[in-house]
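One letter stands for each residue in the lines below.
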Amino acid sequence: MKEFIQQIQKAKNIGITGHIHPDGDCIGSCLGLKQYILDQYPEKTIDVYLEPIGNEFYFLNGSDQILSQDSGQTYDLFFVLDCSSTDRFEPFQKMIETAKYVICIDHHISNHGLGDYCKVDPTASATCEVLCQIFSMDKVSKKCAQCLYTGIVHDTGVFKHSNTTKQTMIYAGELLEKGVESSKIIDETFYQKTYIQNRILGQALINSFLCCHDQVIYSSISKEELEYFEATSADLNGIIDQLRVTKGTEVAVFLYPQKEGSLKVSMRSNEKVDVAKIAEQFGGGGHIRAAGCTIFGSFDDTKQKIIEKIEEQL
Ligand SMILES: [Mn+2]
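Below is a summary of the structure that appears in this document.

## Notes on the coordination of the manganese ion
Right, so step 1: For the manganese ion, the full set of protein donor atoms is Asp25 (OD), Asp82 (OD), His107 (NE2) and Asp155 (OD), and the range of their distances to it is 2.1 to 2.4 Å.
Right, so step 2: Within one chain, the residues donating to the manganese ion are spaced in sequence as D-x56-D-x24-H-x47-D. Of the two residues, His107 is situated in the loop between strand S4 (102–106) and strand S5 (117–120) and Asp155 in helix H5 (residues 142–155); the sequence distance between them amounts to 48 residues.
Right, so step 3: A residue is classified by how much of its surface remains accessible, and His107, at 2% relative accessible area, is buried.
Right, so step 4: For Asp155, a relative accessible area of 16% puts it in the buried group.

## Regarding the side chain of Gln146
Right, so step 1: Structurally, Gln146 is set in helix H5.
Right, so step 2: The exposure class assigned to Gln146 is buried, which follows from its relative accessible area of 8%.
Right, so step 3: Gln146 has contacts with Phe59, Leu60, Val180, Glu181 and Ile185, leaving out every residue within four places of it along the chain.

## Regarding the pattern of salt bridges
Any two side chains of opposite charge can pair if their charged atoms end up close together.
Right, so step 1: In total, this model carries six salt bridges according to the counting rule given.
Right, so step 2: Taking the shortest distance from any N to any O, the salt bridge between Glu181 and Lys142 comes out at 4.0 Å. Taken together, the positions of Glu181 in the loop between helix H6 (166–177) and helix H7 (182–191) and Lys142 in helix H5 put the pair 39 residues apart, joining distant regions of the chain.
Right, so step 3: Where Lys184 meets Glu188, a salt bridge forms, and the shortest distance between an N and an O atom there is 3.4 Å.

## As for the sheet that holds S5
Right, so step 1: If you trace the five strands from one edge of the open sheet to the other, you get S2-S1-S3-S4-S5, paired in parallel fashion. The open sheet has two free edges, formed respectively by strand S2 (45–49) and S5, since each of these has just one partner strand. Mean inter-strand twist for the sheet, computed between neighbouring axes without regard to direction, equals 15°.
Right, so step 2: In this structure, strand S1 (residues 13–17) lies alongside strand S3 (residues 77–81), joined through four bridges in parallel fashion. Residue Ile14 lies in a different strand from S3, and its bridge partner there is Leu77.
Right, so step 3: Against the sheet, helix H2 (residues 24–40) makes contact with S1, S2 and S3, and its axis sits at roughly 175° relative to S2, the strand it touches most.

## Some remarks on the nonpolar core
Right, so step 1: Counting residues in hydrophobic clusters, the biggest one holds 50 residues, and the most contacted among them are Phe79, Phe135 and Leu175.
Right, so step 2: Setting aside residues no more than four positions away along its own chain, Leu175 makes contact with Cys132, Met137, Val140, Ala145, Leu148, Tyr149, Ile152 and Val180.
Right, so step 3: With 21 residues, the next largest nonpolar core counts Val253, Ala276, Ile306 and Ile307 among its residues.

## Considering the sheet that holds strand S8 (residues 251–257)
Right, so step 1: Strand order in the open sheet formed by six strands is S6-S7-S8-S9-S11-S10, and the pairing between neighbours is mixed. Two strands bound the open sheet, and with one partner strand each, they are strand S6 (209–211) and strand S10 (285–286).
Right, so step 2: Bridge count for S6 against strand S7 (residues 216–220) is three bridges, and the pairing is antiparallel. Note that in S7 the partner of Phe209 across the bridge is Tyr218.

## Digging into the side chain of Glu225
Right, so step 1: Among the secondary structure elements, Glu225 is positioned in helix H9 (residues 223–228).
Right, so step 2: Despite being buried, Glu225 has no salt bridge partner; Arg199 is the closest side chain of opposite charge, sitting 12 Å away.
Right, so step 3: Among the polar contacts listed, one links the side chain of Glu225 to the backbone nitrogen of Ser222, at a separation of 2.9 Å.
Right, so step 4: The contact partners of Glu225, leaving out residues within four places of it in the chain, are Ile200, Gln203, Asn207 and Ser220.

## Regarding the packing of aromatic side chains
Right, so step 1: As enumerated under the stated definition, the model contains 12 aromatic pairs in all.
Right, so step 2: Between Tyr49 and Phe78 the ring centres are 6.2 Å apart and the planes differ by 25°, which places this aromatic pair in the stacked class. With Tyr49 in strand S2 and Phe78 in strand S3, the pair connects residues that are 29 residues apart, well separated along the chain.
Right, so step 3: Here Tyr49 falls in the buried class, since its relative accessible area comes to 0%.
Right, so step 4: The buried category is assigned to Phe78, whose relative accessible area is 0%.
Right, so step 5: Of the aromatic side chains, those joined through ring pairs into one cluster are Phe4, Tyr36, Phe79 and Phe135.
Right, so step 6: One residue, Lys44, lies across the ring of Tyr41, its end atom 5.4 Å from the ring centre.
Right, so step 7: When the ring centre of Phe59 is taken as origin, the NZ or CZ atom of Lys184, which lies over that ring, is 5.5 Å away.

## Some thoughts on helix H4 (residues 127–134)
Right, so step 1: Of all eight residues in H4, seven are buried; the element is thus mostly enclosed.
Right, so step 2: Of all the positions in H4, only Thr127, Cys128, Glu129, Val130, Leu131, Cys132 and Ile134 are classed as buried.

## Section: the environment of Ala126
Right, so step 1: Note on placement: Ala126 falls in the loop between S5 and H4.
Right, so step 2: Along the sequence, Ala126 and Gly24 sit 102 residues apart, while their C-alpha atoms lie 9.7 Å from each other.
Right, so step 3: Apart from the residues lying within four places of it in its own chain, the contact partners of Ala126 are Asp25, His107, Gly151, Ile152 and Asp155.

Cut-offs used in this document
- Residues numbered from 1 in each chain as written.
- Predicted model: local features only at pLDDT ≥ 70, side-chain atom pairs only at ≥ 80, totals over all residues.
- Heavy atoms only, no water.
- Donors = N, O, S within 2.8 Å, 3.2 Å for Na, K, Ca; no water.
- Helix = DSSP H or I, 4+ residues; strand = E, 2+ residues; numbered from the N terminus.
- Buried < 20%, exposed > 50% of the residue type's maximum accessible area, 1.4 Å probe, protein only.
- Contact = heavy atoms within 4.5 Å.
- Salt bridge = Lys/Arg side-chain N within 4 Å of Asp/Glu carboxyl O.
- Pairing = 2+ DSSP bridges.
- Axes fitted to C-alpha atoms, helices over the stretch in contact; angles between N-to-C directions.
- Core = buried A, V, L, I, M, F, W, Y, C linked by side-chain atoms within 4.5 Å.
- Lys, Arg positive; Asp, Glu negative; His and termini not counted.
- Polar contact = N/O pair within 3.5 Å; in protein donor to acceptor, adjacent residues only side chain to side chain.
- Phe/Tyr/Trp six-rings, centres within 6.5 Å; stacked < 30°, edge-to-face > 60°.
- Lys NZ or Arg CZ within 6 Å of the ring centre and 35° of its normal.

Have a look at this one:
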């Protein structure tokens, strides 16, 4: 990718961001890209902008320098990673608009092109995997590899989702060779849960019910429950994946309220239903088997709308 290297060489200062509610792939790709550029061009100024990240990711190099608010700076080059639409980087939109050149790197099938140059590979398991394609592996340091490996681990659900290909494993193997602490990353960033996270997961499982001839499992967490458990939206990661493994179900849906009064809808499917298509109809996006959207409305109305769309596909 000539464009990638040329633009980096030209730029004095570079901004990097990913999507709101940053997950492992978003954080890993942003910090991995920063590290990769710094390893080769230590003189460049590179700032990563993300909403606050979970402390399980603090071991990644550069995580302590992440900026969570628009600094008002103008950048020569801005990278938007793991983001399929503009509302997904909304807190930093102004800086992206004023940047001289914007490169988007992503793997969401719902990404129809962002920025001045856009590289989207929907067959890649993670944005970190797309970065593996772009980077020269011999120039990837251990610090960078830790970030990329974390992203791949998270978006593949530890190499278990159907997006895990032979190529994913080849890249993961190459990253292992860099000295990546695989067990630590998998245990401490993926499986470990805090007491609060476990309790709210339990509540979500209790709240769940089956519908559409037991093919759909549906659950939600209310604002009152979030307050009761002293949980934030970051504590809800992983609930949808636990719902998905309910034997006999095809689709899992999970809802929770966001700050602005909207509802966040996460969806997973196992074999048939294209949940990205449903999410797109509500202005969201994602992948065929994992997608999400934001809906303004009541829990009941939203439930009806989503179930209707799922039923069309079942
Ligand atoms: Mn991703």
